[in-house]
Amino acid sequence: MGGDFHGRFDLGTPLLGSKIDLAKPAVKHQFSFGFSSGNDDFFGLDSFENSVHSYIADVQYENESCFSSGYIIIGKSDKEFTLSLVGTLKNNKQVALKVAIPESEIEYWN
């Protein structure tokens, strides 16, 4: 992804400290992310109560991941949340991201 892009992450706090297999990401708690630029969706994955929905651009994957391999590690310190994502999408494109988000910018939901 070159240029400007936007990302979103939603996760259940019980997943903090977890390493999630992106090829088989079915987890009990909410876990979701997506990346886009303008009106173009790049890829995204949603997992909740052991169901998985994902996409690469306009290709939808029901009950399966858009990743053929990879992982995401979700961490938290007293000042920030970190996400490290490394993987290969089913269209053979590789993704590697490391994100640090100050805790002051996190929105907690009940």
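See the structure shown above.
Because the structure is a prediction, the values reported are computed rather than measured. (Residues numbered from 1 in each chain as written. Predicted model: local features only at pLDDT ≥ 70, side-chain atom pairs only at ≥ 80, totals over all residues. Heavy atoms only, no water.)

1. Here we look at the sheet that holds strand S8 (residues 80–89)
By definition, the strands of a sheet pair up through backbone hydrogen bonds, in either a parallel or an antiparallel sense. Pairing is antiparallel in the open sheet, where four strands are placed in the order S2-S7-S8-S9. The open sheet has two edge strands, strand S2 (19–21) and strand S9 (94–102), and neither has a second partner. When strand polarity is set aside, the average angle formed by the axes of neighbouring strands in this sheet is 10 degrees. Bridge count for S8 against S9 is nine bridges, and the pairing is antiparallel. Paired with Thr88 across the two strands is Gln94, which belongs to S9. (Pairing = 2+ DSSP bridges. Helix = DSSP H or I, 4+ residues; strand = E, 2+ residues; numbered from the N terminus. Axes fitted to C-alpha atoms, helices over the stretch in contact; angles between N-to-C directions.)

2. Topic: the pattern of salt bridges
In a structure, side chains of opposite charge can pair up when their charged atoms sit close to one another. Scanning the entire structure with this criterion turns up three salt bridges. Notably, a salt bridge pairs Arg8 with Asp46, separated by 3.7 Å at the nearest N-O pair. Placement of Arg8 in strand S1 (residues 6–11) and of Asp46 in strand S4 (residues 40–48) is noted, with a sequence separation of 38 residues between them. With a relative accessible area of 33%, Arg8 lands in the partly exposed category. Measuring nitrogen to oxygen at the nearest pair gives 2.4 Å for the salt bridge that ties Lys90 to Glu64. Here Lys90, found in the loop between S8 and S9, pairs with Glu64, found in the loop between strand S6 (59–62) and strand S7 (67–76); they are 26 residues apart in sequence, far enough to count as distant. Judged by its relative accessible area of 35%, Glu64 falls in the partly exposed class. (Salt bridge = Lys/Arg side-chain N within 4 Å of Asp/Glu carboxyl O. Buried < 20%, exposed > 50% of the residue type's maximum accessible area, 1.4 Å probe, protein only.)

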